[in-house]
Amino acid sequence: MENPLKKTGKVLSLTAGMVLASAFVAPSASAAAFAYHGYDVAYTSYYDRGLVACDKEKDGNYVYAEGRYWHPSNQVMVLRVDDGEDEHCDNDYITYPIYQIRICESRVGCSPWRQVS
Ligand SMILES: [Ca+2]
Ligand SMILES: [Ca+2]
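Predicted model only: the values in this text are computed from it and were never measured.

Rules used throughout
- Residues numbered from 1 in each chain as written.
- Chains lettered and ligands numbered in written order.
- Predicted model: local features only at pLDDT ≥ 70, side-chain atom pairs only at ≥ 80, totals over all residues.
- Helix = DSSP H or I, 4+ residues; strand = E, 2+ residues; numbered from the N terminus.
- Buried ≥ 20, exposed ≤ 12 C-beta atoms within 10 Å, placed from the backbone.
- Contact = placed C-beta atoms within 7 Å.
- Core = buried A, V, L, I, M, F, W, Y, C linked by C-beta atoms within 7 Å.
- Pairing = 2+ DSSP bridges.
- Axes fitted to C-alpha atoms, helices over the stretch in contact; angles between N-to-C directions.

> Quick question: what am I supposed to make of the overall build of the chain here?
Within the chain, the secondary structure is distributed over one helix and nine strands. Per-residue burial over the chain gives 23% buried out of 117 residues. The contacts of the chain with a sequence gap of at least 6 include a subset with a gap of at least 24, amounting to 51%.

This is how it looks when you write it as structure tokens:
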């Protein structure tokens with residue numbers, strides 16, 4: 001009599017743990033925001049504390065991503081990440097969540113600001 005009850009208890013707690021784990025992971029995957037300028041792209045990472053800049057056009061223009069965030073001093077600050085003409089995207093991180101991003105191309109211009117989550 002005791003064994004079946006214990007087994008049931010284990011199964012229930014395992015299921016609850018899995019639900020919690022998936023609920024914790026899902027928001028970060030869906031919260032990533034993207035901003036495009038042609039094929040060039042900027043996106044958030046690391047729970048919106050990270051910003052990635054990708055120069056996808058080999059046209060001689062470098063790109064930079066900008067992310068706006070609120071500093072505790074109640075000021076809007078901008079994190080800037082440069083990338084240029086190579087195979088690897090560049091990224092940077094800050095302590096505070098980014099709420100708007102855009103991607104800019106030198107000598108061409110910027111995408112509109114995109115809202116994050
Ligand atoms: Ca380029
Ligand atoms: Ca790079």
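> Looking at this model, I keep getting lost on the nonpolar core. Mind explaining?
The tendency in soluble globular proteins is for nonpolar side chains to be buried side by side. Within the largest apolar cluster, 18 residues are counted, with the highest numbers of intra-cluster contacts made by Ala42, Leu51, Val52, Ala53, Ala65, Ile101 and Ile103. Ignoring any residue separated from it by four or fewer positions in sequence, one finds Val52 in contact with Ala42, Tyr43, Ser45, Ala65, Val81, Cys89 and Asn91.

> Whenever I open this one, the pairing of strand 2 (residues 40-45) confuses me. Can you help?
Side-chain positions along a regular strand alternate between the two faces of the sheet. Among the six residues that make up strand 2, five are buried, leaving the element largely enclosed by the rest of the structure. Relative to strand 2, strand 1 (residues 34-37) is paired through four bridges, and the arrangement is antiparallel. The partner of Tyr36 across the bridge, within strand 2, is Val41. The antiparallel pairing of strand 1 with strand 2 creates a hairpin that spans two residues between the two strands, and Gly38 there sits at a positive phi of about 65 degrees. Of the strand pairs in this sheet, strand 2 and strand 3 (residues 50-54) are connected by five bridges, and their pairing is antiparallel. In the sheet register, Ser45 faces strand 3, and the bridge partner there is Gly50. Linking strand 2 to strand 3, which pair antiparallel, is a turn of four residues; within it Tyr46 sits at a positive phi near 50 degrees.

> When you look at the pairing of strand 4 (residues 63-71) in this model, what are you seeing that I'm missing?
Sheet topology note: the strand 4/strand 5 (residues 75-83) ladder contains nine bridges and is antiparallel. The residue of strand 5 that forms the bridge with Arg68 is Val78. Between strand 4 and strand 5, which pair antiparallel and follow one another directly, the connecting turn spans three residues, one of which, Asn74, has a positive phi of 70 degrees. With seven bridges connecting them, strand 4 and strand 7 (residues 98-105) associate as antiparallel partners. Paired with Gly67 across the strands is Ile101, a residue of strand 7.

> Is there a simple way to think about the sheet that holds strand 1 in this case?
The strands that make up a sheet pair up through hydrogen bonds in the backbone, lying either parallel or antiparallel. With antiparallel pairing, four strands are arranged side by side in an open sheet as 1-2-3-6. What marks the edges here is a single partner per strand, and that holds for strand 1 and strand 6 (90-93). Across the sheet, the axes of successive neighbouring strands diverge by a mean angle of 15 degrees, strand direction being ignored.

> Quick question: what am I supposed to make of the environment of Gly38 here?
Assignment of secondary structure puts Gly38 in the loop between strand 1 and strand 2. What makes Gly38 partly exposed here is the crowd of 14 C-beta atoms within 10 Å.

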